[in-house]
Amino acid sequence: MADRPELSTTAALLNTVQDEMRGVLGAVDTASLDTLATVLLRARRVFVAGEGRSGFMARAFAMRLMHLGLNVHVIGETTTPAVGDGDTVVAVSGSGTTAGTVRVAEQAVKAGAEVHAVTTAPDSPLGSLAATVLLLPAATKYRRAGEAASVQPLSSLFDQATHVTLDVVALRLANLLEVDNDRARAAHANTE
């Protein structure tokens, strides 16, 4: 680290991560965010899927959608109903090759649902199953050609970009649905 001044202090690390995020978020096609918001507005029900840290980002998104009043479920939870016609599945996988997430997408398509991918790899198995792809050109654990460079380990940059961009989709939905903080707070868990 001594030969890398951008990693020598906590302040330098924070600046580096901010710079990495600016680079990725600046390359996101905002029209794809609007498209996803529109898709979610017309969905009968929304399901989210993802494994590992991508799964955590998907779950955070599901919580945001619930606060906005959407009928949303997390694939793999014990109370998740069957996916079917008119449903939308938002599947998150940095590589687009995560076996469990790809399997969910395959089964959802067979059941008549529409899959929308959040990934770095539009030509991946997940991307090829998806009706739309939210492309996040961020580093993953594989460090493939075309991914943004990152000092952060594994898929941290992808995870951060996923969280922020899906929060922007939720904010866009909040605007379209006229859900303000008070209305969202009313849907927040009250058993904490």
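Not measured: the values here are computed from a predicted model.

## Thoughts on empty space enclosed by the protein
Line of reasoning, step 1. Summed over the entire model, instances satisfying the criterion amount to 1 cavity of 30 Å³ or more.
Line of reasoning, step 2. The space that makes up the largest cavity amounts to roughly 50 Å³.
Line of reasoning, step 3. Considering the residues around the largest cavity, the lining is formed by Ser 32, Leu 36, Val 90, His 116, Ala 117, Val 118, Thr 132, Val 133 and Leu 134.
Line of reasoning, step 4. When residues of the lining of the largest cavity are traced back to their parent elements, those giving at least two are α2 (30-42), β4 (114-119) and β5 (132-135).
Line of reasoning, step 5. Of the residues in the lining of the largest cavity, the class split is 6 nonpolar, 3 polar and no charged.

## Considering α2
Line of reasoning, step 1. With 13 residues, α2 ought to run about 18 Å at 1.5 Å a step, and its terminal C-alpha atoms sit 19 Å apart, in line with that.
Line of reasoning, step 2. Looking at the buried positions of α2, the neighbouring elements they touch are β1 (45-50), α3 (52-67), β3 (87-92), β4, β5 and α6 (156-177).

## Description of the packing of aromatic side chains
Line of reasoning, step 1. Per the stated rule, a full pass over the model turns up 0 aromatic pairs.
Line of reasoning, step 2. Across from the ring centre of Tyr 142, 4.7 Å away, lies the NZ or CZ of Arg 144, which sits over that ring.

## Quick look at the side chain of Gln 152
Line of reasoning, step 1. For Gln 152, the location among the structural elements is in the loop between β5 and α6.
Line of reasoning, step 2. For Gln 152, a relative accessible area of 9% gives the class buried.
Line of reasoning, step 3. Of the polar contacts made by the side chain of Gln 152, one reaches the side chain of Glu 20; its length is 2.7 Å.
Line of reasoning, step 4. In terms of polar contacts, Gln 152 uses its side chain to reach the side chain of Gln 160, at 2.6 Å.

Conventions used here
Residues numbered from 1 in each chain as written. Predicted model: local features only at pLDDT ≥ 70, side-chain atom pairs only at ≥ 80, totals over all residues. Heavy atoms only, no water. 1 Å grid on protein atoms, 1.4 Å probe; cavity = no way out; pocket = protein on both sides within 12 Å on 5 of 7 lines; lining within 4 Å. Points joined across faces, edges and corners; volume = space filled by probe spheres on them. Helix = DSSP H or I, 4+ residues; strand = E, 2+ residues; numbered from the N terminus. Nonpolar A, V, L, I, M, F, W, Y, C, P; charged D, E, K, R; others polar. Expected span 1.5 Å × (residues − 1). Contact = heavy atoms within 4.5 Å. Phe/Tyr/Trp six-rings, centres within 6.5 Å; stacked < 30°, edge-to-face > 60°. Lys NZ or Arg CZ within 6 Å of the ring centre and 35° of its normal. Buried < 20%, exposed > 50% of the residue type's maximum accessible area, 1.4 Å probe, protein only. Polar contact = N/O pair within 3.5 Å; in protein donor to acceptor, adjacent residues only side chain to side chain.

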